[in-house]
Amino acid sequence: MKDAFVARYGGIYEHSPWVAEKIYDVLGEQQVDVGRLAEMMADCVDNASREDQLALICAHPDLAGKAQVAGELTAESTTEQASAGLDQCTSQEFERFQSLNAAYKQKFGFPFVMAVRDSDRSQILQAFGVRLLNDYDAEFEAALQEIHRIASLRLTALQDQP
């Protein structure tokens, strides 16, 4: 049963099946609604070591980055980035994303993470500019909050699937 649970929920947090594994260890066979599952997963991440949190942040791809161009994104990330039109960037927008991704990584040491569903390219570029002004601790926390939002959206989408 644990394998089935991790197979279903292991991709909720990008390349971090350890979150689903830990939740299964707490839940076992007990069923909870998607809202409670989202809370439990977020709590698991919030109480993880700083190293595990940083690894989780670093597991996220750049927005409109080289992994997208090469077709190397997870199915979830591909869908999310496409919903924001990041697969349709003009060459100028693509260059802007590359520049901002590099500046962000240079400053913080991890990729810019944003729940891009329900956003467009201009909103994402604007958020990049605002968040580049943050200090490290504020941005680390902002990245985790965005990751929780992504996870919640993924759980909701998964709930709609059989």
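Along each chain, residues carry numbers from 1 onward, in the same order as the chain's sequence is written. Given that the model is predicted, a residue must reach a pLDDT of at least 70 before its local features are reported, and side-chain atom pairs must reach 80 or more before they are shown or counted; all residues, however, enter totals for whole chains, interfaces and linings. Heavy atoms from the whole structure form the basis of all side-chain values; hydrogens and water molecules are not counted.

Before going further, it helps to examine the packing of helix α2 (residues 18–27) against helix α3 (residues 34–46). Each pair of packed helices can be summarised by the angle the axes make with each other and by the distance between the axes. Here an axis means a line fitted to C-alpha atoms, over the contact stretch when the element is a helix, while the angle between two N-to-C directions is reported on a 0 to 180 degree scale. Counting from the N terminus, the helices are DSSP H or I runs at least four residues long and the strands are E runs at least two residues long. Two elements in contact, α2 and α3, have axes whose closest approach is 10 Å; the angle formed by their N-to-C orientations is 115 degrees. Taken as axis vectors, α2 and α3 run roughly perpendicular relative to one another. Two packed elements cross with a definite hand, and for α2 against α3 that hand is right-handed. Mapping the contact onto sequence places Trp18, Val19, Ala20, Lys22, Ile23, Val26 and Leu27 in α2 and Leu37, Met40, Met41, Cys44 and Val45 in α3. Classification used: nonpolar for Ala, Val, Leu, Ile, Met, Phe, Trp, Tyr, Cys and Pro, charged for Asp, Glu, Lys and Arg, polar for all others including Gly. Grouping the constituent residues of the contact of α2 with α3 by class yields eleven nonpolar, no polar and one charged. For classification, angles of less than 35 degrees are called roughly parallel, those exceeding 145 degrees roughly antiparallel, those between 65 and 115 degrees roughly perpendicular, and all remaining angles oblique. In this scheme, a crossing is called left-handed if the near helix is turned counterclockwise away from the far one by less than a right angle; it is called right-handed if the turn is clockwise. Residue contacts are defined here by distance: any two heavy atoms, one from each residue, within 4.5 Å place the two residues in contact.

To find leftover empty space, a probe the size of one water molecule is rolled over the atoms. Definitions used throughout: a 1 Å grid over protein atoms alone; a cavity as a set of points that fits a 1.4 Å probe which cannot get out; a pocket as an open set with protein on both sides within 12 Å along at least five of seven lines; a lining residue as one with an atom within 4 Å of a point. Grid points are joined across faces, edges and corners, and a volume is the space filled by probe spheres set on the points. Taken as a whole, the largest pocket encloses approximately 320 Å³ of empty space. Along the walls of the largest pocket sit 18 residues, with Phe5, Arg8, Tyr9, Gln31 and Leu37 positioned nearest its centre. Sorting the residues of the lining of the largest pocket by element identifies α1 (2–9), α2, α3 and α9 (136–159) as the ones contributing at least two each. Tallying contributions element by element places α1 first for the lining of the largest pocket, with four residues. For the lining of the largest pocket, a count of residues per class yields eleven nonpolar, four polar and three charged. Along the wall of the second largest pocket there are 13 residues; nearest its centre are Glu76, Arg154, Ala157, Leu158 and Gln161. The element best represented in the lining of the second largest pocket is helix α6 (residues 75–83), accounting for four residues. Of the residues belonging to the lining of the second largest pocket, the class tally is five nonpolar, three polar and five charged.

Turning our attention to the packing of aromatic side chains. Pairing of aromatic rings covers Phe, Tyr and Trp, the last through its six-membered ring, and needs centres within 6.5 Å; plane angles under 30 degrees mean stacked, over 60 mean edge-to-face, and all others mean tilted. If you walk through the whole model with that rule in mind, you get twelve aromatic pairs. Where Phe5 meets Tyr9, the ring centres are 4.8 Å apart and the plane angle is 50 degrees; that geometry is what we call tilted. With Phe5 and Tyr9 both in helix α1, this residue pair falls four residues apart, about one helical turn. We call a residue buried when its accessible area falls under 20% of the maximum for its residue type, exposed when it is over 50%, and partly exposed in between, using a 1.4 Å probe and counting protein chains only. Assessed through its relative accessible area of 14%, Phe5 is described here as buried. Geometrically, the ring pair formed by Phe112 and Phe128 is stacked, given 3.8 Å between the ring centres and 20 degrees between the ring planes. Taken as a pair, Phe112 in the loop between α7 (91–108) and α8 (121–131) and Phe128 in helix α8 lie far apart in primary sequence, 16 residues in all.

The subject of this paragraph is the side chain of Glu146. Mapped onto the secondary structure, Glu146 falls in helix α9. Within this scheme the basic residues Lys and Arg register as positive and the acidic residues Asp and Glu register as negative, but His and the chain ends are omitted. Any Lys or Arg side-chain nitrogen found within 4 Å of a carboxyl oxygen on Asp or Glu counts as a salt bridge. Among buried Asp, Glu, Lys and Arg side chains, Glu146 stands out as unpaired, with Arg149 the closest opposite charge at 4.2 Å. Filtering out sequence-adjacent residues up to four positions away, Glu146 remains in contact with Val113, Met114, Ala115 and Arg131.

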